[in-house]
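Coordinates in review
The residues making up each chain are set out below.
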Amino acid sequence: MSIGIDKLLERVRAGYERVGAREAYEAALAGEAVLVDIRYAALRERDGLIPGALVVERNELEWRLDPRGSHRLPEATGHDLRAIVICNEGYASTLAAESLHRLGLHRATDLVDGFQAWRAAGLPVVPAPV
């Protein structure tokens, strides 16, 4: 039986606490979280980057953040990693965070309303390298 994407997002989001832009910024600044930007290249080029955020293409996310994976990033230090996943508007990041939960990254979450909320909050953004 099909539930549709809106219902799926609702169910997934009920399973963890999402964070707002200011909370994500403060957690990253304090070294309590890793920001993970999964937006595709054209959006990063158009809108810029969050300083210090890891840029990981969505199709590589699980391989890069799995602490047991052979293709993991150095930041993927353990299943207790607090990864805050950021997409453009906060939809794809929800599904990505849920996938990280399935890998055992129980503190993974995503940014409510995505990069657009970050930018609207006036938080730091730098131009993407050309």
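Above this text is the structure in question.
We now turn to the structure provided with this report. What you see is a predicted model; the values in this text were computed from it and never measured. (Residues numbered from 1 in each chain as written. Predicted model: local features only at pLDDT ≥ 70, side-chain atom pairs only at ≥ 80, totals over all residues. Heavy atoms only, no water.)

Let's talk about the overall build of the chain
- Of regular secondary structure, the chain possesses 6 helices and 4 strands.
- Secondary structure of the chain in N-to-C order comes out as α-α-β-α-β-α-β-α-β-α.
- Taking the principal axes of its C-alpha atoms as reference, the chain extends roughly 45 × 35 × 25 Å.
- Across the 130 residues that make up the chain, the buried fraction comes to 44%.
- Considering only contacts within the chain whose residues lie at least 6 apart along the sequence, 69% involve residues at least 24 apart.
- When the accessible surface of the chain is totalled, it reaches about 7,100 Å², and 52% of it is carbon and sulfur.
- Within the chain, one finds 16 positive and 19 negative side-chain charges whose respective centroids are separated by 2 Å. (Helix = DSSP H or I, 4+ residues; strand = E, 2+ residues; numbered from the N terminus. Buried < 20%, exposed > 50% of the residue type's maximum accessible area, 1.4 Å probe, protein only. Contact = heavy atoms within 4.5 Å. Areas by Shrake-Rupley, 256 points an atom, 1.4 Å probe, with all protein chains shown as cover. Lys, Arg positive; Asp, Glu negative; His and termini not counted. Charge placed at Lys NZ, Arg CZ, Asp CG, Glu CD.)

Quick word on the packing of helix α1 (residues 5-13) against helix α5 (residues 92-102)
- It is at 10 Å that the axes of α1 and α5 come closest, and there the two elements cross at 50°. If you check the angle between α1 and α5, you find them oblique. Between α1 and α5 the crossing geometry is left-handed. On α5, the residues that touch I5, L8, L9, V12 and R13 of α1 are T94, L95 and E98. (Axes fitted to C-alpha atoms, helices over the stretch in contact; angles between N-to-C directions. Parallel < 35°, antiparallel > 145°, perpendicular 65-115°, else oblique. Left-handed = near helix turned anticlockwise from the far one by under 90°.)

As for α5
- Along α5, the residues classified as buried are S93, T94, A96, A97, S99 and L100.
- Residues of α5 that are buried make contact with α1, α4 (61-65), β3 (83-86) and β4 (109-110).
- The positive-phi residue at the C-terminal boundary of α5 is G104, with phi of around 100°.

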